[in-house]
Amino acid sequence: MPWVREDLCVGCGKCIDVCPTKAISMKDGKAFVDQAKCVNCGECMPACPEGAIRPNAENPMLAGRAGAAMDGQGMGRGMGRGMGRGMGRGMGRRGR
Ligand code: SF4
Ligand code: SF4
């Protein structure tokens, strides 16, 4: 399935016109491919003047390698904090 490189997309909407299944919509000024509607016909890729629609093989998220195409998409952060505190106190008595 094609996907849109948001850093290349200029929001011209040409891909929306050529898609036979209306799988592409505009989200925040960028094209977005609804993978559930896309039939992988490939029409949108040559239609994009910016080359922003890329084949699935280049999708860093699906390929499992966070590469240069993932500009600032912050995934996988913010976990693993806030545990492991507050235990191990209050045991043992200190006499005089
Ligand atoms: S590959 Fe075809 S169906 Fe899928 S988004 Fe592009 S034009 Fe639409
Ligand atoms: S044709 Fe290319 S630049 Fe234009 S809206 Fe679609 S993905 Fe973006």
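The shown structure was predicted, so the numbers you read here are calculated from the model rather than taken from an experiment.

Participant: Summarise the confidence of the model for the protein chain; cite the residues concerned and give the values.
Facilitator: Reading predicted coordinates in detail is not appropriate for stretches of low pLDDT. Averaged over every residue, the pLDDT of the protein chain is 80; the share at 70 or more is 64%. Element-level mean pLDDT values for the protein chain span from 70 in helix α3 (residues 60-63) up to 98 in helix α1 (residues 14-18). In this model residues 67-85 is a low-confidence stretch, pLDDT under 50, and it forms eight contacts with partners more than four residues away in sequence or in other chains.

Participant: Can you tell me about the site of ligand 2, naming the residues and giving the values?
Facilitator: As a structural note, the neighbourhood of ligand 2 is formed by 13 residues, with Cys 9, Cys 12, Gly 13, Cys 15 and Cys 48 the closest of them. The pocket occupied by ligand 2, as judged from atoms lying within 2 Å of grid points, is the largest cavity.

Participant: Residue-level account of the environment of Lys 30, with values.
Facilitator: When you line up the elements, Lys 30 lands in strand β3 (residues 30-33). Once the C-alpha coordinates of Lys 30 and Gly 13 are considered, the two residues, 17 residues apart in sequence, prove to be 8.5 Å apart. Residues contacting Lys 30, with those up to four places away along its chain left out, are Glu 6, Cys 9 and Ser 25. Of note is the side chain of Lys 30, whose polar atom sits 3.0 Å from the backbone oxygen of Cys 9.

Cut-offs applied
- Position labels on residues start from 1 in each chain and follow its written sequence.
- Just so you know, chain letters begin at A and ligand numbers begin at 1, following the order they were written in.
- In keeping with the model being predicted, local features are shown solely for residues with a pLDDT of at least 70 and side-chain atom pairs are shown and tallied solely at 80 or more, while totals for entire chains, interfaces and linings include all residues.
- Heavy atoms from the whole structure form the basis of all side-chain values; hydrogens and water molecules are not counted.
- For every residue, the pLDDT score states the predictor's confidence, bounded by 0 at the bottom and 100 at the top.
- Counting from the N terminus, the helices are the DSSP runs of H or I reaching at least four residues and the strands are the DSSP runs of E reaching at least two.
- Here, residues are in contact when the closest pair of their heavy atoms is within 4.5 Å.
- Proximity is defined per residue: if any heavy atom of the residue lies within 4 Å of a molecule or strand, that residue is considered near it.
- Only protein atoms enter the 1 Å grid used here, on which a cavity is any set of points holding a 1.4 Å probe that cannot leave and a pocket is any open set flanked by protein within 12 Å on both sides along at least five of seven lines; residues with an atom within 4 Å of a point are listed as lining.
- More than half of a molecule's atoms lying within 2 Å of a cavity's or pocket's grid points is what places that molecule inside it.
- Identification of polar contacts relies on pairs of N or O atoms within 3.5 Å, with a donor-acceptor requirement for protein atoms, meaning one able to donate a hydrogen and the other able to accept it, and with residues adjacent in sequence counted only if both atoms are side-chain atoms.

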